[in-house]
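Residue-level structural notes
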Amino acid sequence: MIKLVIFDLDGTLLYTLEDLADSCNYLLRKHQLPEHPLDSFRYFVGNGIKKLVERALPEEKRSEAFVESFFQEMIAYYDLHKEDKTRPYPQIVETLEALQQRGIMLGVASNKVNQAMAPLMAHYFPSIRFTSVLGQREGIPIKPDPQIVFDIMETAGVSPEETLYVGDTGVDMDTAHGASVKAVGVLWGFRDRKELEEHQAEFIISQPEELLGFVETK
């Protein structure tokens, strides 16, 4: 029986792509570097903002010092603009509420910096009582390392057999497999079915409400 559902954030619960792209492109313009179309950012995201920065910068600008400097600028600018265009995906809030009403514990595991997580959850999901919300933390490896899932399961007091992990990228599926939990891929996010299948998603869903029947039967 499923007792805990852990969600990825960007591309799974929240549509964040435009705010991330706008923030990065603003700083690229500031540094007189080439910008990228919105669709390119679908493949830049997934491994944290620092990796997004590395992917967005021209190869000759990817020195450790410049990446770190740009990353710090990105964090500061994005923090001011992370709610400009970001929004929950359709039916996400209703699905979370329905899971909560069924007694399912809810967690969030993201590669977004940890300090951004609580404000986003409070702003977009005020009716949801998440058991644990974790982002990128100092000294803890980011996804696809499964440590973040282990930490959420420990807080919830559940086993891998009682846990679902829901995400939109291959990184998410790898994270789930690393933690020995069931991997559910979603098609409304940043990547496509092919990537989810290549990373061995056990189940793929196209609408959030499909999770309701899923947790009752798995």
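The paragraphs below set out a description of the structure included in this document. (Residues numbered from 1 in each chain as written. Predicted model: local features only at pLDDT ≥ 70, side-chain atom pairs only at ≥ 80, totals over all residues. Heavy atoms only, no water.)

For the rest of this paragraph, the subject is the overall build of the chain. Broken down by element type, the chain carries 10 helices and 8 strands. Relative to the globule expectation of 17 Å for 218 residues, the C-alpha radius of gyration of the chain, 17 Å, shows essentially globular dimensions. Viewed in the frame of its principal axes, the chain has a C-alpha envelope of about 55 × 30 × 30 Å. Considering the chain as a whole, with its 218 residues, one finds that 52% of them fall into the buried category. (Helix = DSSP H or I, 4+ residues; strand = E, 2+ residues; numbered from the N terminus. Rg over C-alpha atoms; globule rule 2.2 N^0.38 Å. Buried < 20%, exposed > 50% of the residue type's maximum accessible area, 1.4 Å probe, protein only.)

On to the packing of aromatic side chains. As enumerated under the stated definition, the model contains 5 aromatic pairs in all. Taken together, a centroid distance of 4.2 Å and an interplanar angle of 10 degrees make the contact between Tyr26 and Tyr77 stacked. With Tyr26 in helix α1 (residues 17–30) and Tyr77 in helix α4 (residues 64–81), this pair connects stretches of sequence that are 51 residues apart. Its relative accessible area of 34% is what places Tyr26 among the partly exposed residues. Judged by relative accessible area, which is 22%, Tyr77 ranks as partly exposed. For the ring pair Phe66 and Phe70, a centre distance of 6.1 Å and an interplane angle of 45 degrees mean the geometry is tilted. Residue Phe66 and its partner Phe70 are located together in helix α4, separated by 4 residues, close to a single helical turn. Here Phe70 falls in the buried class, since its relative accessible area comes to 1%. Above the face of the Phe66 ring, Lys61 is positioned so that its terminal group lies 5.3 Å from the ring centre. (Phe/Tyr/Trp six-rings, centres within 6.5 Å; stacked < 30°, edge-to-face > 60°. Lys NZ or Arg CZ within 6 Å of the ring centre and 35° of its normal.)

Moving on: the sheet that holds strand β8 (residues 203–205). Strand order in the open sheet made by the 6 strands is β5-β4-β1-β6-β7-β8, with parallel pairing throughout. The sheet is open, and its two edges are formed by β5 (132–136) and β8, each paired on a single side. On average, adjacent strands in this sheet sit at an angle of 20 degrees to one another, irrespective of strand direction. With 4 bridges joining them, strand β6 (residues 163–167) and strand β7 (residues 182–186) adopt parallel strand pairing. Paired with Tyr165 across the two strands is Ala183, which belongs to β7. With respect to the sheet, helix α8 (residues 170–178) is in contact with β4 (105–113), β6 and β7, its orientation differing from that of β7 by roughly 170 degrees. (Pairing = 2+ DSSP bridges. Axes fitted to C-alpha atoms, helices over the stretch in contact; angles between N-to-C directions. Contact = heavy atoms within 4.5 Å.)

Our next topic: the packing of helix α3 (residues 49–56) against α4. Across the interface, α3 lies against α4 with an axial gap of 9 Å and an inter-helix angle of 120 degrees. Classified by the interaxial angle, the pair formed by α3 and α4 is oblique. For α3 against α4, the interelement crossing comes out right-handed. For the pair formed by α3 and α4, the contact residues are Ile49, Lys50, Leu52, Val53 and Glu54 on the first element and Val67, Glu68, Phe70, Phe71, Met74, Ile75 and Tyr78 on the second. Considered class by class, the residues forming the contact of α3 with α4 number 9 nonpolar, no polar and 3 charged. (Parallel < 35°, antiparallel > 145°, perpendicular 65-115°, else oblique. Left-handed = near helix turned anticlockwise from the far one by under 90°. Nonpolar A, V, L, I, M, F, W, Y, C, P; charged D, E, K, R; others polar.)

Considering all chains together, one arrives at 16 salt bridges under this definition. A salt bridge links Arg42 to Asp39, with the nearest nitrogen and oxygen atoms 2.9 Å apart. A relative accessible area of 25% places Arg42 in the partly exposed class. Between Glu195 and Arg191 there is a salt bridge, and its shortest N-O distance comes to 2.8 Å. (Salt bridge = Lys/Arg side-chain N within 4 Å of Asp/Glu carboxyl O.)

Burial analysis of β4 places 8 of its 9 residues in the buried class, the great majority of the element. Strand direction decides the pairing type here: strand β1 (residues 4–7) and β4, joined by 4 bridges, are parallel. Residue Phe7 lies in a different strand from β4, and its bridge partner there is Val108. With 4 bridges joining them, β4 and β5 adopt parallel strand pairing.

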